[in-house]
Amino acid sequence: MTEESAGWVEPAPDGAAFLRARGQWTIARSGAIERHLARMDGMPPGDMSVDLSGIARLDTAGAWLLFRLIARLRAEGRQIEVTGVRDAHRPLIEIVARIHADGPKGGHTERVGPFAWLEGLGRGLFDALDHGKQLLNFHGMVTIVFLRTLLDPRRLRPKALVTQIEITGLNALPIVGLLSFLIGVVLAYLMSDQLTQFGAEVYTVNLLGLSITREIGVLLTAIMIAGRSGSAFTAQIGTMKVTEEIDAMGTLGLDPIEVLVIPRVLALMLTLPILTIWSDVAGILGGAVMTMVALDLTPARFLSQLKEAIDLGDVLVGLVKAPVHAYIIAMVGCYEGLRVRRTAESVGRQTTLSVVESIFLVIVATAAFAILFSVLGI
Amino acid sequence: MAVHDAPAAPIRAADGDGMTDPVIRIEGLRTQFGAQVIHDDLDLDVYRGEVLGVVGGSGSGKSVLLREIVGLQRPTAGRIDLLGQDVWAIGARGRRALNTRAGVLFQDGALFSSLTVAENIQVGMREHLDLAPRLMDELAALKIAMVGLPPDAGEKLPSELSGGMRKRAGLARALALDPEIVFLDEPTAGLDPIGAARFDELIASLQGSLGLTVFMVTHDLDSLATVCDRIAALVDKQVRVATMAEHMKDDHPWLKEYFHGPRARAIGGAGA
């Protein structure tokens, strides 16, 4: 659209002490109007009258721009007389004038100093520390509630526990099995490829068995479960927070930690070790298939080599980590769910946070175990 | 880009003086979900500058009607003209242009929760217009003041506002592009009587000063009595439009129940 159709002001033919506003003063044209008004600097001094009778259309944005113009002219020390206001425009001009008189001037209050990043860094650090403290707090709270329920096992809620075991454990078997199998295939392929160069291809089985049982099986399972069940915990509890169900529990004398958190934590601590064994088996199976194809190993040869390579201790080194990972995932998932505030948006944010945080903590725990085992010489 | 320049000359011509000019014209509307018929051969005209209240029992299709007019839900059959253009025949681009001339206030405000109130108001301006940031800030502040929110509300997130303030902020966003018509979905639901009365006043005063046409789905009998020029009642899959006084004389059982029930009597006794 051309700017001609937009509103404009022009000096009246009889002299500069008289301005006429014309055209369309609407929000669609207000960009053009503003640019036009900006070019109109340096009008001759002296009192003026502004005639609005030539305005074809006016809306609040146009009325605002008119007011800004008049305010600017007044600020230059002139007396301004406004004439020719149409009846149809009068209420609009009055409402803008009233608000203008109250003087609300928007505008951002942005704090962007040269060291804003430093402030952000410090803030982030303190937030993270505070977050860790609260997570520890939550750990204490859950422990107390758990001990209390042990004294009164009726409160363990077997039904909720079994449901959670089904959802987090049984239903996760296909995906965990499939992914572990595929990872086993990939690992065996990589290892056999490298070891063949030394003529040590049979050690593929040793390497595969050790890495899957000690590290990869449990870590892979924990990461998958963090994405699958940890996020679900946060979303479920978070949604209940949004709909005030958690508050309703409180008023009915139910403890949300006892009802929601304990069954989830216990269920995951029971299922994750089982899923880990399942993942170990599937991963080694995948590796076995690959070694058979790539190295022409017979199943019997594979098994005898595997038996030589790993013993029960290796499997236990992997398995002992599973309950710890499960505890981390379930606790973070529930904690982030309870931190949801009463908006739908925060459910999504806390869920993302829950997955990132639990995977981070699981890997930290894995590293801690690795150090511990090396110190203990296991 | 001047989106207001869609070829809609006959409507543009009227400048606040034409009460006879329909801004919404619905003809032969039919809405059906599976076997369930919601609207059947429904006709409705809404005129420029009027406040139309829409009432009806639960499931009578009030909100569905609103969604069909603003282009969110396709009717089964029939024609809906909004500001002289067939909503369901103009295509996506035409509808976008049309949407800048109509504002919608959803039930709980439907504010974008990750944006501040001022940014919410500016969303439409950023999308459709080329305005200087300072002017957008000033316009947002103007709208915030117009709907009666305190000046500092602009920097707040929707989650930091009360329900009533969210509705006002939603109204400010609906008014951001200076629409010719606003659609309000239960604007006073969930507000206390004082808040609801203030909201009614606000709608009436904005309607008067901006020359708006208002299409309001409501159950609030006070709103119906104080701000609505005409009332459209959805009964028997069709619509009956009349003033409050005329509806009171109607013999239809639902209308009788609605306008002569205990709540209506309370208002009639206290007010009129």
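Residues numbered from 1 in each chain as written. Chains lettered and ligands numbered in written order. Predicted model: local features only at pLDDT ≥ 70, side-chain atom pairs only at ≥ 80, totals over all residues. Heavy atoms only, no water.

**Student:** Which residues make up the overall build of chain B, and what values do they have?
**Tutor:** Within chain B, the secondary structure is distributed over 11 helices and 10 strands. A total of about 11,700 Å² of accessible surface is found on chain B, and carbon and sulfur atoms cover 52% of it. (Helix = DSSP H or I, 4+ residues; strand = E, 2+ residues; numbered from the N terminus. Areas by Shrake-Rupley, 256 points an atom, 1.4 Å probe, with all protein chains shown as cover.)

**Student:** Describe in detail the UniProt feature "transmembrane region" (unreviewed entry) in chain A, supporting the description with residues and values.
**Tutor:** Residue and element names in this part refer to chain A. Under the present numbering, the feature "transmembrane region" (unreviewed entry) in UniProt falls on residues 172-191, 203-226, 265-295, 315-335 and 355-376. Across residues 203-226, helical content stands at 100% and strand content at 0%; the span's end C-alpha atoms are separated by 32 Å. A helix fraction of 100% and a strand fraction of 0% characterise residues 265-295, whose end C-alpha atoms lie 43 Å from each other. (UniProt positions renumbered as here; feature names shortened; annotations may be inferred.)

**Student:** I'd like to hear about the pattern of salt bridges, residue by residue, with values.
**Tutor:** Counted according to the given criterion, the structure contains 26 salt bridges over all chains. A salt bridge links A:Arg214 to A:Asp314, with the nearest nitrogen and oxygen atoms 2.9 Å apart. Of this pair, A:Arg214 sits in helix H7 (residues 203-242) while A:Asp314 sits in helix H11 (residues 312-319), placing them 100 residues apart in sequence. When the shortest N-O distance is used, the salt bridge between B:Asp45 and B:Arg25 registers 3.1 Å. Here B:Asp45 is found in strand E2 (residues 36-47), whereas its partner B:Arg25 is found in strand E1 (residues 22-33), with 20 residues between them in sequence. In the salt-bridge network here, residues are joined through shared partners; they are A:Arg148, A:Arg155, A:Arg157, A:Asp255 and A:Glu258. (Salt bridge = Lys/Arg side-chain N within 4 Å of Asp/Glu carboxyl O.)

**Student:** Give a description of the pairing of strand E3 (residues 48-58) of chain A that names residues and reports values.
**Tutor:** All names here are of chain A. Burial runs high along E3: 8 of the 11 residues are buried. The pairing of strand E2 (residues 18-25) with E3 spans 7 bridges and is parallel. Paired with Gly23 across the two strands is Ile55, which belongs to E3. With 4 bridges connecting them, E3 and strand E4 (residues 80-83) associate as parallel partners. (Buried < 20%, exposed > 50% of the residue type's maximum accessible area, 1.4 Å probe, protein only. Pairing = 2+ DSSP bridges.)

**Student:** Now, about the nonpolar core: what can you tell me, with residues and values included?
**Tutor:** Residues A:Trp25, B:Met125, B:Leu139 and B:Leu171 are the most contacted members of the largest nonpolar core, which totals 78 residues. If you tally residues by element for this core, the top one is helix H2 (residues 60-75) of chain A, at 9 residues. Setting aside residues up to four positions removed in sequence, A:Trp25 forms contacts with A:Gly7, A:Trp8, A:Val9, A:Ile33, A:Leu37, A:Ile55, A:Arg57, A:Leu58, A:Asp59, A:Gly62, A:Leu65 and A:Leu66. A:Ile246, A:Ile257, A:Leu272 and A:Ala365 belong to the second-largest nonpolar core, a separate cluster that totals 39 residues. (Core = buried A, V, L, I, M, F, W, Y, C linked by side-chain atoms within 4.5 Å. Contact = heavy atoms within 4.5 Å.)

**Student:** Talk me through the environment of A:Ser304; I want residue IDs and the actual numbers.
**Tutor:** Along the chain, A:Ser304 turns up in helix H10 (residues 299-309). In sequence terms A:Ser304 and A:Val205 are 99 residues apart; their C-alpha atoms lie 9.8 Å from each other.

**Student:** Tell me about the packing of aromatic side chains, residues and numbers included.
**Tutor:** Scanning the model with the defined rule gives 5 aromatic pairs over all chains in all. Between A:Phe138 and A:Tyr335, the aromatic rings sit 5.4 Å apart at their centres with planes inclined by 45°, giving tilted as the arrangement. Here A:Phe138, found in helix H4 (residues 116-151), pairs with A:Tyr335, found in helix H12 (residues 321-338); they are 197 residues apart in sequence, far enough to count as distant. Look at A:Tyr335 and you get buried, because its relative accessible area is 6%. Centroid distance B:Tyr258 to B:Phe259: 5.1 Å. Interplanar angle 75°. Geometry classified as edge-to-face. Summarising the burial analysis for this pair, B:Tyr258 and B:Phe259 share the class buried. (Phe/Tyr/Trp six-rings, centres within 6.5 Å; stacked < 30°, edge-to-face > 60°.)

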